[in-house]
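Take a look at the letters that make up each chain.
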Amino acid sequence: MAEFMADDSWYPLLRECLQRTHPPGQHELPVIFLLGLAGTGKTATLAQISRSVRKPPSPVVNLALHPAHGSTVANVIQRIAYDLAALNKVHLPRTVFTLVVLGLDPELSRAQLEDQLQRRLQGKARIDPNDAAQWRDIASLLPHIGIWLKLLVSVAELLGRRLEAADRVHRVARMWLSGRLGGDVLNLVQEQEIGGERAGNAWGILVEAFLEDLAHAWAKPRHARNCLLLLDDADTPAGSAFLQALVAARARRSEAGASADPLVVVAASKTWPKGMTGWACPGTPGARRPPQLAAATYEGWLRRRGDGAQRWWYPVLMPGSPTGRTAAVYAHAVHELTGGYPYAAGKLGDLLGNAEDDDEFRAILHEKDALRRLMPDHLPRRDLLMAWSAARNVDDAENALLDGTSTASHLRRELAERLWLTTQSTAENRRGTWERSSTGGEEITVIHPWLRRLLLHHLAAEPEHWDKVHETMESFYRKQEVADDASAAHHMLARVVDGDDPRLEAVVTFLNERFGQLDVVGRGGSRLSEWVELYEQVTAAPNRLPLDRPLAALYDSLAVSPADTELRDRASMIRTLVVARWFWLDPILDPSGRRATEIAHEFRQLAGLRTTGRSIFTREAETYERHPQR
């Protein structure tokens, strides 16, 4: 398949799906959902697929839906059918016949309905584009996509030629629909008129007619590949309803023993699809999680898919921006700042790409108020979300910041549906780092790093609110049933704003005391490895340090105690170590990652003051020297 661009992440999955043509009707095909936040490249991916997969000899339909159009399932089918019939010469007699029936006037009597049906099916061989009455008739069968004169004339001509010599085709189509309804085809008009679930049944039958037509069209080896439908904005009401009707129709056809249809659907959505079960939405419990697009395969879908009507869904996640995508000095800092979110990375990359040093990087963010301007619109319960951002994970936020209502569970579900939740290993969550590949083990739900960054920035603009939330979190961890002193110290450090703050001294004292307690040999050797874990947990704290202050002065005011002398003791080394990693973890406080060198230096200094486990600190120092980037 030379027409594919094989280096694109969608290539393996789509190639496998489109080539499953033989024997005809034997291969079930997925409804692939490209899932990602707005600005993750879903529309661009669909366009690239459309350009890369040549239409001859197999059809490709690329359809964008928009909420303002107010489309229905019938409208979507009409638009797809136009592309297939008029542009790709695919015969869809059952679809056209069912559309004609659905377009009949429900106010008419039975006899009048039959008469109207016959007149529409036995119209003129050619429709005069100047005949207003005929225009109204044909327009009733076409989607509301604007007045495209050329399109309407071509469809009218196509239908005119087909209806002139198609009595047999209409009989076949009517026989199929009558058999499907178990009676008179005109019952479908009443089904649609009743509305609600009955109208949904009518649309479902229309989708079945469409799939039956496709199955017949691909029964003979006319097409080298399966039929491809690219559907953008699939989370609109019309898109969601169409795709749910599609999988329901497939389930009914499968139960009836019908052959599988040849339709491969690739739909783009910025929210979790309605009606999809069997797969775990990102940030929610469940073993069957959507794969990344590059890791998705047809065989993988067959192995992992659900049961019943749910087995056709295949959600896949759009990739984030690759690290170091540009040669800009601060490309890595931008990637860390945005959590790899492509839209935000692009915006900040353009804004910060020419920064000459760390202070200018910070000054641009401050002067342009970038983190405030890039906050997503229409976030639910922003006030509560700002408070949640102070916690390391969503579970702790819910448990510590109770509001006495069921708001938290609703908010969590809405964030998940909007794809603003993700998972992180518990170990990484404690360390405050994001590994480039999964380390396995226990995972925990967290707010997407970019959204959390923006929420923290907004929270920091309200110092009293910031301190109150972190005080609440600290109190939660000091409860007897929780008893997590390192997490309590984490939220104490988050409230430090200058070098004289007694909370900084309290954090250093806590770590210094624990150092003395853990500088012993346990069953597995020195317990100072446990101290390193506590240190990492504490220094993963967020901060509200000022953006408009030179970094060197800000760092020195915190890292060095006024009481320090040339003969530094263990407490002074730990203080510098705490502040260095606190800065290093935040790309706004250390855009260039230079604090890694100081962390390594302090670990080597501290190695000379321990009784056990010298190699533990030496290895930590070497790690920061080899991998200065976060």
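Here goes a summary of the coordinates provided.

Rules and cut-offs
- Residues numbered from 1 in each chain as written.
- Predicted model: local features only at pLDDT ≥ 70, side-chain atom pairs only at ≥ 80, totals over all residues.
- Heavy atoms only, no water.
- Buried < 20%, exposed > 50% of the residue type's maximum accessible area, 1.4 Å probe, protein only.
- Helix = DSSP H or I, 4+ residues; strand = E, 2+ residues; numbered from the N terminus.
- Pairing = 2+ DSSP bridges.
- Salt bridge = Lys/Arg side-chain N within 4 Å of Asp/Glu carboxyl O.
- Axes fitted to C-alpha atoms, helices over the stretch in contact; angles between N-to-C directions.
- Contact = heavy atoms within 4.5 Å.
- Nonpolar A, V, L, I, M, F, W, Y, C, P; charged D, E, K, R; others polar.
- Phe/Tyr/Trp six-rings, centres within 6.5 Å; stacked < 30°, edge-to-face > 60°.

## Observations regarding the pairing of strand β1 (residues 31-35)
Next, step 1: Taken across its five residues, β1 has five buried, putting it largely inside the fold.
Next, step 2: Neither face of β1 is left uncovered, since the one carrying V31, F33 and L35 and the one carrying I32 and L34 both have all their residues buried.
Next, step 3: Relative to strand β4 (residues 263-269), β1 runs parallel, the two being bridged by five bridges. Considered in β4, the bridge of I32 is made with V266.
Next, step 4: In terms of strand pairing, β1 meets strand β5 (residues 313-317) through five bridges, oriented parallel. If you follow F33 over to β5, its bridge partner there is P315.

## Structural notes on the pattern of salt bridges
Next, step 1: This model, assessed by the stated rule, comprises 31 salt bridges.
Next, step 2: For E474, the salt bridge identified is with R478, shortest N-O distance 3.1 Å. Of the two residues, E474 and R478 both sit in helix α22 (residues 463-478), four residues apart, roughly one turn of that helix.
Next, step 3: Residue class for R478 comes out partly exposed when judged on its relative accessible area of 41%.
Next, step 4: Counted as one network, the salt bridges with shared partners bring together E474, R478, D485, R495 and R514.

## Some words on the packing of helix α21 (residues 449-460) against α22
Next, step 1: For the pair α21 and α22, the least separation of the axes is 6 Å and the interaxial angle reads 115°. Across the interface between the two elements, L456, L459 and A460 from α21 touch P463, H465 and W466 from α22.
Next, step 2: Each residue belonging to the contact of α21 with α22 can be placed in one class, and the counts come to five nonpolar, one polar and no charged.

## Overview of the packing of aromatic side chains
Pairs of aromatic rings are described using the distance from one ring centre to the other and the angle between the two planes.
Next, step 1: Summed over the entire model, instances satisfying the criterion amount to 17 aromatic pairs.
Next, step 2: The interplanar angle of 80° and the centroid separation of 5.3 Å between the aromatic rings of Y555 and F583 together place this pair among those described as edge-to-face. Of the two residues, Y555 is situated in helix α26 (residues 551-559) and F583 in helix α27 (residues 570-584); the sequence distance between them amounts to 28 residues. Each member of the pair, Y555 together with F583, is buried.
Next, step 3: Ring-pair connections join several aromatic residues into one group, and the members of that group are F515, W531, Y535, W584, F603, F617 and Y624.

These figures come from the coordinates and say nothing about function on their own.
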